[in-house]
Amino acid sequence: MALVAGVDSSTQSCKVVVRDADTGALVREGRAGHPDGTEVHPDHWWSALQEAAAAAGGLDDVAAVAVGAQQHGMVALDASGAVVRPALLWNDTRSAPQAERLTKELGARTWADAVGLVPVASFTVTKLAWLAEHEPDAAARVAAVGLPHDWLTWKLRGAAGIESITTDRGDASGTGYFSAATGQYRRDLLLAALGHDALLPTVVSPAGSPGRGTVAGLGAGAVLGAGTGDNMAAALGVGARPGDVIVSIGTSGVVSAVAEVPAADETGTVAGFADATGRYLPLVCTLNAARVFDATARMLGVDLATLSDLALTAPAGCGGLVLVPYLEGERTPNRPDATGALHGLRLETTTPAHLARAAVEGLLCGLADGLDALAEQGAVIERVLLVGGGAKSEALRRIAPSVFGRPVLVPPPGEYVADGAARQAAWALIGGEAPPTWELAGTQTYEADAVPAVRERYAQVRELTAPRP
C-alpha cells in the first residue's frame, strides 16, 4: 500500500494528512498552529509543517507529498534565496490604495482581459506595489517572488537556487500577473507593480512533479506534487467536477465553480482563477458568512443549534422579513461601508423564529448572487457542494436548495485542502489523464420541493443598502 501526504498550510494552521494512494483512506493526520497577524515570516510555516508532520507520525514512509496553501501571500526572496521581509498575507489590506491606483492606471477591462482579475488588496501584485512604494530598499533586493505553497515546496526540495522554485497554474492565477487563459506570466504587470523584473516560479503541470523531497522526516525521496492554492486544493479534495459549484461557508463565503472556460469580469466580482486539473475555477468571495449566524444567535440569546431549530419552524420567506447581512460591509457587491438591514417587520414577524430564518435566507441569498455572477461568466451550474463550518447548520442545509434552485450535496466534515493536496500527490505518483478517484462516503443530498420568491424580495431590500450618488 503506497501512502501519500497532503499539506494544508492555511492562515491559522498547518494540517497534514496521510492517505492510501489508491483508495484515499485516511491513515493518520497531524496539525500545528501558525502565528496570528496579516504578515508572517515564512519560517513559521516551515516550523509548523515539521511539527504537524511529526504529529502525523512523520512522513518518511510516504511515496509522494503535495502542498496546498493560502493564496496570494507575497514571499519575496533575494538573490541568495533569503526572505527579504515577512510575507504579506491575503488578508492584509494595506495595499488597497495601490490596488486602486493600478486599476485606474490600466483600466479594469484591461486587467480582466490580461489576467482574469481586477486588482484588490488580496492579490499579490498589489502587495508588490505597496512594497515598492513604502519599502523601496527592500523592493530593490527582491530577486524572486513566490507564493506560500511555492516556498514550502521549494523547501521540501532542499531550497537550492531560486531558479528552482516552482508553482502551478491554479495558485499562480491569483497573483495578478499570470493569465489562466493563456498559461503565461504577464511580466509587464509585475514590472508595473514592483518597478523591476524578478524571477517567477516555473509552472508545473497539474499531474507533474518539480522533483523529490530531500528533508528527513518530511518524505525524503518522495515524489513532490505540483502543489496549489487552498481553493483549488479544496475543489480537488471534494471531488468537484464540471457543473459543480463549491460553496464554502466559513469566516467569509466562497463560491467557486469548476468550469471549462476562463472568466474575465471587469466588475471584479468574479476572480478568474485556474483550477488544479487543467480547467478553471472562477470564484466569488463575500465577507459575511458564518459570523452572521454567530451575531444572530447572540441577538436572540441562543446557541447555534437552537438558532437552526428556530429557523426551521418559520415559514419560507419569513412572511416578508428580510435580513441583508452586511455586518462588516461587503465585498460582493463592493460596498465596504454598508451596514446590515432588517426590513419587513410586522407584528407576526417579530418572533425569534422569523429572525433566525431571515438570517439563514439572507446569508444564502448573498451567496446565490455569487452563483449568478459565475453563470454570467459562462460557468455551468448543475449542483452545489456545501462545505465549511457553516454547513453544520441543519437549517442552512435544508433551506439552501430552495434559495439556490439546485440540488445541494453536503460532504462529511473533513480537511479538504489537505485531502486535495494528497490527491494531487497521488496523481503525481501514479500518473494518468486525471487524478485518482477517491470515494467520498457519507455525502448527504438535499433537494428543494419548491422555490419560493425569497431572492426577489431580498434583491429589493439589498438595493436599499446601495450608496447614494
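See the structure above.
Residues numbered from 1 in each chain as written. Predicted model: local features only at pLDDT ≥ 70, side-chain atom pairs only at ≥ 80, totals over all residues. Heavy atoms only, no water.

Considering the overall build of the protein chain
Alright, step 1. Scanning the protein chain for helices and strands turns up 15 helices and 24 strands.
Alright, step 2. A globule of 469 residues ought to have a C-alpha radius of gyration of about 23 Å, and the protein chain, at 22 Å, matches this closely.
Alright, step 3. Burial statistics for the protein chain: of 469 residues in total, 57% are counted as buried.
Alright, step 4. Long-range pairs, those at least 24 residues apart, make up 72% of the contacts in the protein chain between residues at least 6 apart in sequence.
Alright, step 5. Element-wise, carbon and sulfur atoms account for 52% of the exposed surface of the protein chain, whose accessible area totals about 17,800 Å².
Alright, step 6. Both charge centroids of the protein chain, one from 35 positive and one from 51 negative side chains, sit 2 Å from each other. (Helix = DSSP H or I, 4+ residues; strand = E, 2+ residues; numbered from the N terminus. Rg over C-alpha atoms; globule rule 2.2 N^0.38 Å. Buried < 20%, exposed > 50% of the residue type's maximum accessible area, 1.4 Å probe, protein only. Contact = heavy atoms within 4.5 Å. Areas by Shrake-Rupley, 256 points an atom, 1.4 Å probe, with all protein chains shown as cover. Lys, Arg positive; Asp, Glu negative; His and termini not counted. Charge placed at Lys NZ, Arg CZ, Asp CG, Glu CD.)

So, the nonpolar core
Alright, step 1. The biggest cluster of nonpolar side chains holds 46 residues, and the ones touching the most others in it are Val247, Ile249 and Phe404.
Alright, step 2. In contact with Val247, not counting residues within four places along its chain, are Val254, Val255, Leu367, Leu371, Val384, Leu385, Leu386, Val387 and Phe404.
Alright, step 3. In terms of nonpolar packing, the next biggest core, distinct from the first, is built from 43 residues, Val84, Ala114, Ala138 and Tyr177 among them. (Core = buried A, V, L, I, M, F, W, Y, C linked by side-chain atoms within 4.5 Å.)

Let's talk about the environment of Leu385
Alright, step 1. For Leu385, the position within the fold is in strand E22 (residues 383-387).
Alright, step 2. Among the residues examined, Leu385 registers a relative accessible area of 4% and is labelled buried.
Alright, step 3. Linking Leu385 and Ala5, residues 380 residues apart in sequence, is a C-alpha distance of 24 Å.
Alright, step 4. Those residues in contact with Leu385, other than ones at most four positions away along the chain, are Val238, Asp244, Val245, Ile246, Val247 and Leu409.

With respect to the packing of aromatic side chains
Alright, step 1. Going through the model one piece at a time under the given rule, you end up with four aromatic pairs.
Alright, step 2. Their ring planes at 75 degrees and their centres at 5.3 Å tell us that Phe178 and Tyr185 sit as a pair that is edge-to-face.
Alright, step 3. Judged by its relative accessible area of 1%, Phe178 is buried.
Alright, step 4. An aromatic cluster is present here, built from Tyr177, Phe178 and Tyr185 joined pairwise through their rings.
Alright, step 5. Just above the ring of Trp130 sits the side chain of Arg94; from NZ or CZ to the centre is 4.9 Å.
Alright, step 6. A cation over an aromatic ring shows up here: Arg169 above the ring of Tyr280, its NZ or CZ 5.2 Å from the ring centre. (Phe/Tyr/Trp six-rings, centres within 6.5 Å; stacked < 30°, edge-to-face > 60°. Lys NZ or Arg CZ within 6 Å of the ring centre and 35° of its normal.)

Observations regarding the sheet that holds E22
Alright, step 1. The sheet built from seven strands is open, its strands ordered E18-E19-E17-E16-E22-E23-E24 with mixed pairing. Each end of this open sheet is capped by a strand with a single partner; those strands are strand E18 (271-274) and strand E24 (444-446). In this sheet, adjacent strand axes meet at a mean angle of 25 degrees when their direction is disregarded.
Alright, step 2. Bridge count for E18 against strand E19 (residues 280-286) is four bridges, and the pairing is antiparallel. Across the sheet, residue Phe273 finds its bridge partner in E19, namely Leu281.
Alright, step 3. Here helix H9 (residues 230-237) sits on the sheet and contacts strand E16 (244-249), strand E17 (253-257), E18 and E19; the angle it forms with E19, its principal contact strand, is near 110 degrees. (Pairing = 2+ DSSP bridges. Axes fitted to C-alpha atoms, helices over the stretch in contact; angles between N-to-C directions.)

Things to note about the pairing of E16
Alright, step 1. For E16, a buried count of five out of six residues is recorded, marking the element as mostly surrounded by other parts of the structure.
Alright, step 2. Across five bridges, E16 lies against E22 in parallel orientation. Residue pairing across strands places Ser248 opposite Val387, the latter belonging to E22.
Alright, step 3. Of the strand pairs in this sheet, E16 and E17 are connected by five bridges, and their pairing is antiparallel. Note on E17: the bridge partner recorded for Val245 is Ala257.
Alright, step 4. Turn length for the E16-E17 hairpin, with the two strands adjacent in sequence and antiparallel, is three residues.

Comments concerning unusual backbone geometry
Alright, step 1. Phi at Ala159 takes a positive value of approximately 50 degrees, unusual for a residue other than glycine.
Alright, step 2. Along the chain, the position of Ala159 falls in the loop between helix H6 (148-156) and strand E9 (166-168).
Alright, step 3. On the basis of relative accessibility, which here comes to 29%, the residue Ala159 falls in the partly exposed class.
Alright, step 4. Unusually for a residue other than glycine, Cys318 sits at a positive phi of about 55 degrees.
Alright, step 5. Position of Cys318 relative to the elements: it lies in the loop between helix H11 (304-311) and strand E20 (322-324).

Details of the packing of helix H10 (residues 290-300) against H11
Alright, step 1. It is the contact of H10 with H11, at a shortest axis distance of 9 Å, that shows an interaxial angle of 85 degrees. By the angle between their directions, the pair H10 and H11 is classed as roughly perpendicular. Along the contact surface, H10 presents Phe293, Asp294, Thr296, Ala297 and Leu300, while H11 presents Leu304, Leu307 and Leu310.
Alright, step 2. Split by residue class, the contact of H10 with H11 holds six nonpolar, one polar and one charged. (Parallel < 35°, antiparallel > 145°, perpendicular 65-115°, else oblique. Nonpolar A, V, L, I, M, F, W, Y, C, P; charged D, E, K, R; others polar.)

The analysis is restricted to geometry; functional conclusions fall outside its scope.
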